[in-house]
Amino acid sequence: MQSEKQTVLDQQIIQDSARQFAQTHILPYVMEWDEAQTFPMDLMHQLGEHGFMGILIPEEYGGSGLGYQEYITILTEISKVCGSIGLSVAAHNSLCTNHIYTFGNEEQRQRWVTRLATGEWVGAWGLTEPNTGSDAMRMQCIAEKDGDHYVLNGTKCWITHGKSGHVAVVIARTGELLDSHGMTAFVVERGTPGFKAGKKENKLGMRASETTEMIFEDCRIPASNILGKEGDGFIQSMKILDGGRISIGSLGLGIAKGAYEASVKYSQERHQFGKPISSFQAISFKLADMATKIEAAEMLLRKAADLKNAGKNSTKLSAMGKYYASEISVQIANDAVQIFGGYGYTKDFPVEKFYRDSKLCTIGEGTSEIQKIVIAREILKDF
Ligand SMILES: Cc1cc2nc3c(=O)[nH]c(=O)nc-3n(C[C@H](O)[C@H](O)[C@H](O)COP(=O)(O)OP(=O)(O)OC[C@H]3O[C@@H](n4cnc5c(N)ncnc54)[C@H](O)[C@@H]3O)c2cc1C
């Protein structure tokens, strides 16, 4: 068994490695990618070479074999520099790759996970539809059985890597409306006839993370591409989202840390009335609030991660971590722009991008309102 000292040392090495990667391979291009809405596919392969595309996947399938604590550390370090890349890494790791690894059979793991975990392939995950976001059980994308195939018809929207992803996990209806056992998860490879990407979204933030529609028109999928059994897709998705919430929480935490660190530095450099602005209580109290919120968010996320690592139910803690880290991310990015004054309102300083990127965290993978529904349900169940 590893000693506590060794574990701390390993965590430090992983943090340094993610930080170094972000500084070298992401920071110099952040604004260029953001302005042009470029999704940097080459970077995804580089992330894979550094072990960041299969963080939770065992080494025998090409992954890094790490746990949720390291996952939080890596995502936070990347998101401190660029939320868009953090979002792409989160969606690839915890949604697509983790879904296939967790619910796929050995043949499916060998076929897809080994490519995804090394970053050779990039993955997408499609649950949301134009008319069903929070209310995913009412999905209208249909998969009808036809011999040893299923025929998929419908549209998924807001899908991260919906165009460039090499493979997607798609949840479609195979049973009755509102039956939690009426949906099934399919793996669909790019290039399958009847599957194409639709509109690419022009977004407020997270602009270097590709978000598109996925359109299915009489798309024939072999039954062997089903993950688990027919009817398992919705229940599987809810389990995958428990982990996904830790990753969006970590994304929010990273953005918050980036905005906070920039604010501490700037407030000591910027002088007004003959003093650094950090000496004004109005500013230093903002810094104190930021630091406190960051510590609290990290504690929540790390507690959820401990539960996940131990294979225990993390629904309540994951939702709390996601909800809190997302909300404080928006608050901290907002305060950061205020601390930077007029300069914060320009693209010459990083805080305007943190401000734009942070908002996604309160929406993606379950809005803050939905997190509160989940938390309330879990609390009330316990009494
Ligand atoms: C950049 C980006 C990337 C994304 N990537 C993916 C992806 O890879 N895969 C994927 O499947 N999806 C993805 N999504 C979709 C995302 O998960 C949904 O946008 C989200 O779940 C919310 O759904 P909606 O947008 O339809 O909002 P709606 O569900 O229409 O909600 C609108 C508002 O109503 C509130 N609301 C809804 N129901 C209730 C209720 N019962 N009680 C109280 N308030 C409620 C919501 O909180 C929200 O404020 C992405 C979204 C974005 C913006």
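Residues numbered from 1 in each chain as written. Predicted model: local features only at pLDDT ≥ 70, side-chain atom pairs only at ≥ 80, totals over all residues. Heavy atoms only, no water.

Draft legend 1. Structural view of the nonpolar core. Ile26, Leu43, Met44, Leu47 and Ile85 are the most contacted members of the largest nonpolar core, which totals 60 residues. In this structure, Ile57, Tyr61, Ala91 and Val187 belong to the second largest nonpolar core, which totals 26 residues. (Core = buried A, V, L, I, M, F, W, Y, C linked by side-chain atoms within 4.5 Å. Buried < 20%, exposed > 50% of the residue type's maximum accessible area, 1.4 Å probe, protein only.)

Draft legend 2. Broad picture of the pairing of strand β2 (residues 142–146). Here β2 runs beside strand β3 (residues 149–160); their pairing, made up of five bridges, is antiparallel. Paired with Lys145 across the strands is Tyr150, a residue of β3. Once β2 ends, the chain turns through two residues before running back antiparallel as β3, passing Gly147 with a positive phi of about 65 degrees. (Pairing = 2+ DSSP bridges. Helix = DSSP H or I, 4+ residues; strand = E, 2+ residues; numbered from the N terminus.)

Draft legend 3. View of the pattern of salt bridges. Applying the stated criterion across every chain, the model contains 20 salt bridges. With a closest N to O distance of 2.8 Å, Asp34 and Arg356 form a salt bridge. Of this pair, Asp34 sits in helix α2 (residues 30–36) while Arg356 sits in helix α10 (residues 351–361), and the two are 322 residues apart along the sequence. Across this residue pair, the class does not change: Asp34 and Arg356 are buried. (Salt bridge = Lys/Arg side-chain N within 4 Å of Asp/Glu carboxyl O.)

Draft legend 4. Up close: the packing of helix α4 (residues 68–81) against helix α8 (residues 281–309). Interhelical geometry of α4 versus α8 gives an angle of 140 degrees and a closest axis separation of 8 Å. In terms of axis orientation, α4 runs oblique to α8. Here Tyr68, Gln69, Ile72 and Thr73 of α4 lie close against α8, whose contacting residues are Leu301, Arg302, Ala305, Asp306, Lys308 and Asn309. (Axes fitted to C-alpha atoms, helices over the stretch in contact; angles between N-to-C directions. Parallel < 35°, antiparallel > 145°, perpendicular 65-115°, else oblique. Contact = heavy atoms within 4.5 Å.)

Draft legend 5. How the structure looks around the pairing of strand β4 (residues 167–173). Of all seven residues making up β4, seven are buried, and the element is well covered by its neighbours. Side chains of β4 alternate between two faces, with Val167, Val169, Ile171 and Arg173 and Ala168, Val170 and Ala172 buried alike. Direction of pairing for strand β1 (residues 123–126) relative to β4: parallel, over a ladder of four bridges. Paired with Trp125 across the two strands is Val169, which belongs to β4. Pairing analysis gives seven bridges linking β4 to strand β5 (residues 183–189), with the strands arranged antiparallel. Each residue of the ladder has a partner; that of Val169, found in β5, is Val187.

Draft legend 6. How the structure looks around the packing of aromatic side chains. Applying the stated criterion to the full structure yields eleven aromatic pairs. Here the aromatic rings of Phe195 and Phe216 are separated by 4.9 Å at their centres, their planes lie at 20 degrees, and the arrangement is stacked. Linking Phe195 in strand β6 (residues 195–200) with Phe216 in strand β7 (residues 211–222), this pair joins segments that are 21 residues apart in sequence. For the pair formed by Phe195 and Phe216, the shared burial category is buried. Between Arg109 and the ring centre of Tyr101, over which it is positioned, the NZ or CZ distance is 4.0 Å. Here the guanidinium or amino end of Arg115 rests over the ring plane of Trp121, the centre of that ring lying 4.6 Å away. (Phe/Tyr/Trp six-rings, centres within 6.5 Å; stacked < 30°, edge-to-face > 60°. Lys NZ or Arg CZ within 6 Å of the ring centre and 35° of its normal.)

Draft legend 7. View of the site of the ligand. Neighbouring residues of the ligand: 19 residues in total, closest Thr128, Ser134, Trp158, Thr367 and Glu369. For the ligand, an oxygen atom lies 2.5 Å from a polar atom in the side chain of Ser134. Glu365 is positioned with one of its backbone polar atoms (N or O) 3.3 Å from an oxygen atom of the ligand. Computed on the free molecule, the ligand has an accessible area of 970 Å², of which 65% lies beneath the protein chains in the complex. For the shell around the ligand, the secondary-structure elements that each account for two or more residues are β1, β3 and α11 (368–382). Partitioning the shell around the ligand into residue classes produces eight nonpolar, eight polar and three charged. (Near = heavy atom within 4 Å. Polar contact = N/O pair within 3.5 Å; in protein donor to acceptor, adjacent residues only side chain to side chain. Areas by Shrake-Rupley, 256 points an atom, 1.4 Å probe, with all protein chains shown as cover. Nonpolar A, V, L, I, M, F, W, Y, C, P; charged D, E, K, R; others polar.)

Draft legend 8. Up close: the layout of surface pockets. For the largest pocket, the calculated volume is near 1300 Å³. In this structure, the largest pocket is lined by 46 residues; those nearest its centre are Thr128, Ile363, Gly364, Glu365 and Gly366. For the lining of the largest pocket, the elements supplying multiple residues, two or more each, are α5 (83–103), β1, β3, α7 (233–269), α10 and α11. In terms of residue count, the dominant contributor to the lining of the largest pocket is α7 (eight residues). Across the lining of the largest pocket, the residue classes tally to 22 nonpolar, 13 polar and eleven charged. When its volume is computed, the second largest pocket comes out at roughly 410 Å³. (1 Å grid on protein atoms, 1.4 Å probe; cavity = no way out; pocket = protein on both sides within 12 Å on 5 of 7 lines; lining within 4 Å. Points joined across faces, edges and corners; volume = space filled by probe spheres on them.)

Draft legend 9. Seen up close, α8. With 29 residues, α8 extends 41 Å from end C-alpha to end C-alpha; this agrees with the ideal 42 Å at 1.5 Å per step. Those residues of α8 lying buried are Ile283, Leu287, Met290, Ile294, Ala297, Glu298, Leu301, Ala304 and Ala305. Of the surrounding elements, those touching the buried residues of α8 are α4, α7 and α9 (315–340). Directly after α8, the chain includes Gly311, whose backbone phi takes a positive value near 70 degrees. (Expected span 1.5 Å × (residues − 1).)

Honestly, it's all geometry; don't read function into it.
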